[in-house]
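Summary of the model geometry
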Amino acid sequence: MQRTLSIIKPDGVKKNIIGEIISRFEKNGLRIAAIKKVFLSKEDAKRFYIVHKERPFYDSLTDFMSEGPIIVMVLEGEDAIIKNRDIMGATNPANALPGTIRRDFAQDVERNIVHGSDSPETAKTEIAFFFSELEIL
Ligand code: CDP
Ligand code: MG
């Protein structure tokens, strides 16, 4: 069993496809161990994406992530990290496989609907950013 952090970004919440996205996780054997809706400030978004602080897209990305509410979830299941990344599709929707969330719904490389942790280490720190152990069931 593995846990990973999933985010439905402001574009996904605005498109009203929260249920559609969660349904794809569930159909692929992932379980929602924790879930809530939050609204990140610009400063919160900068802290969450601190690993990207030197990248040219950091300022624009953190503006985007703080423009509206997001859904944060802990997904649980066998190989949850890679399974979630497979369901999401490639970062740039132009490169994402048909049937993935990003291919089906994303506008461009920035506004790409979902976030998913990329390793066990980042999953641990990203889950702890949003949830206490008591909230993960
Ligand atoms: O989200 P993912 O792990 O697939 O990609 P990342 O390389 O960790 O980048 C984090 C986020 O930054 C992406 O999901 C995009 O929203 C954004 N990004 C961007 O705006 N322009 C890029 N060239 C690459 C990423
Ligand atoms: Mg990433």
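Above this text sits the structure in question.
All of the points below concern the structure found in this document. Values in this document were obtained by computation on a predicted structure and should not be read as measured data.

Basis of the calculations
Residues numbered from 1 in each chain as written. Chains lettered and ligands numbered in written order. Predicted model: local features only at pLDDT ≥ 70, side-chain atom pairs only at ≥ 80, totals over all residues. Heavy atoms only, no water. Helix = DSSP H or I, 4+ residues; strand = E, 2+ residues; numbered from the N terminus. Contact = heavy atoms within 4.5 Å. Areas by Shrake-Rupley, 256 points an atom, 1.4 Å probe, with all protein chains shown as cover. Lys, Arg positive; Asp, Glu negative; His and termini not counted. Charge placed at Lys NZ, Arg CZ, Asp CG, Glu CD. Polar contact = N/O pair within 3.5 Å; in protein donor to acceptor, adjacent residues only side chain to side chain. Near = heavy atom within 4 Å.

**Topic: the overall build of the chain**
Regarding its fold elements, the chain presents seven helices and four strands. Walking the chain from its N terminus toward its C terminus, one meets helices and strands in the order β-α-α-β-α-α-β-α-α-β-α. At a minimum sequence separation of 6, the contacts of the chain that also span at least 24 residues come to 77%. About 7200 Å² of surface is accessible on the chain, with carbon and sulfur atoms providing 53% of the total. Taking the 20 positively charged and 21 negatively charged side chains of the chain as two groups, their mean positions are separated by 2 Å.

**With respect to the side chain of Ser-117**
Here Ser-117 is to be found in the loop between β4 (114-116) and α7 (120-130). In terms of polar contacts, Ser-117 uses its side chain to reach the side chain of Thr-4, at 3.5 Å. At 3.1 Å, the side chain of Ser-117 and the backbone nitrogen of Leu-5 are in polar contact. If we skip the residues at most four places from it in the chain, Ser-117 touches Thr-4, Leu-5, Ile-81, Arg-85, Thr-122, Ala-123 and Glu-126.

**Some words on the site of ligand 1**
Lining the immediate environment of ligand 1, one finds Lys-9, Tyr-49, His-52, Phe-57, Leu-61, Arg-85, Thr-91, Arg-102, Val-109, Glu-110 and Asn-112. One nitrogen or oxygen atom from the side chain of Arg-85 is found 2.8 Å from an oxygen atom belonging to ligand 1. Take Thr-91: an N or O atom from its side chain is 2.5 Å from an oxygen atom of ligand 1. Relative to its unbound accessible area of 500 Å², ligand 1 is 81% covered by the protein chains.

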